[in-house]
Amino acid sequence: MPAGDIQVVSVFVLIVLLLLALYSDLRHHRIPNWLNATALLFGVGLYASAQGAAGLLLSLAAALMGFLAFLPFYAKGAMGAGDVKLMAAIGAWFGPIMTLWAFVVGAVYGGIIAVIMILSSGRLKHAVA
């Protein structure tokens, strides 16, 4: 399969996995381990098949980076373990630079959504206190 086709298939697979994670998180308030493990293994496998041992190490390093980026939020009770593991899986797909960008964008959007939820619930005084 040509490299361009592999990229299209890999993007499609990632989108499907992320949509499944979103659905599960919204419906059940959890992201299953099988889904996170599948996403992680596909991401690591993709990098390893494209770049060999260097790609394997890069993907694993980015997965660790994604995991460590969200770990403090889990420790504070701001998100669940599935979210942390999903960010690790995203790291395996994106590599280190894009994982950092995904973290920043996710944090900004998450903050905006949190503010909207606080304002719409009328709990501003409780949230500030």
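Before reading further, recall that the structure is shown in the block above.
Residues numbered from 1 in each chain as written. Predicted model: local features only at pLDDT ≥ 70, side-chain atom pairs only at ≥ 80, totals over all residues. Heavy atoms only, no water.

Novice: Looking at this model, I keep getting lost on the overall build of the protein. Mind explaining?
Specialist: When you go through the protein residue by residue, the secondary structure sums to four helices and zero strands. When its C-alpha atoms are laid out on the principal axes, the protein stretches across 55 × 25 × 25 Å. The buried share among the 129 residues of the protein stands at 24%. A separation of at least 24 residues holds for 54% of the contacts in the protein among residues at least 6 apart in sequence. Summed over its atoms, the accessible surface of the protein is roughly 8,500 Å², and 76% of this surface lies on carbon and sulfur atoms. (Helix = DSSP H or I, 4+ residues; strand = E, 2+ residues; numbered from the N terminus. Buried < 20%, exposed > 50% of the residue type's maximum accessible area, 1.4 Å probe, protein only. Contact = heavy atoms within 4.5 Å. Areas by Shrake-Rupley, 256 points an atom, 1.4 Å probe, with all protein chains shown as cover.)

Novice: Just to check I follow, could you spell out unusual backbone geometry for this structure?
Specialist: Note: most peptide bonds trans; most residues except glycine with negative phi. Not every positive phi belongs to a glycine, and His29 is a case in point at roughly 60°. Structurally, His29 is set in the loop between helix 1 (3–28) and helix 2 (33–75).

Novice: I keep staring at the environment of Val8 and nothing clicks. Help me out?
Specialist: Secondary-structure assignment places Val8 in helix 1. Measuring from C-alpha to C-alpha, the distance between Val8 and Leu35 comes to 20 Å, with 27 residues separating the pair along the chain.

Novice: What's the story with the environment of Leu64 in this structure? I'm lost.
Specialist: Among the secondary structure elements, Leu64 is positioned in helix 2. Here the alpha-carbon distance between Leu64 and Pro96, two residues 32 residues apart in the chain, equals 9.3 Å.

Novice: It is not clear to me how the nonpolar core should be interpreted in this structure. Could you clarify?
Specialist: In summary, soluble globular proteins display a tendency toward joint burial of nonpolar side chains. Of all hydrophobic cores here, the largest spans ten residues; its members are Leu14, Leu17, Ala21, Ile31, Leu35, Ala39, Leu86, Ala89, Ile90 and Trp93. Those elements that provide at least two residues to this core are helix 1, helix 2 and helix 3 (81–121). Ranked by the residues each element gives to this core, the list is headed by helix 3, at four residues. Discounting residues that sit within four places of it in the chain, Leu86 has contacts with Leu18, Ala21, Ile31 and Asn36. (Core = buried A, V, L, I, M, F, W, Y, C linked by side-chain atoms within 4.5 Å.)

Novice: Explanation requested: the side chain of Ser24 in the structure shown.
Specialist: Tracing the backbone shows Ser24 in helix 1. With relative accessibility at 9%, the residue Ser24 sits in the buried group. Non-local contacts of Ser24, meaning those with residues more than four positions away in its chain, are made with His29, Arg30, Ile31 and Pro32.

Novice: What's the story with the layout of surface pockets in this structure? I'm lost.
Specialist: Considering only enclosed or pocket space, the largest pocket measures out at about 1,200 Å³ in volume. Residue lining of the largest pocket: 31 residues in total, with Asp25, Phe70, Met79, Asp83 and Gly106 positioned closest to the centre. Tallying contributions element by element places helix 3 first for the lining of the largest pocket, with 16 residues. For the lining of the largest pocket, a count of residues per class yields 22 nonpolar, six polar and three charged. (1 Å grid on protein atoms, 1.4 Å probe; cavity = no way out; pocket = protein on both sides within 12 Å on 5 of 7 lines; lining within 4 Å. Points joined across faces, edges and corners; volume = space filled by probe spheres on them. Nonpolar A, V, L, I, M, F, W, Y, C, P; charged D, E, K, R; others polar.)

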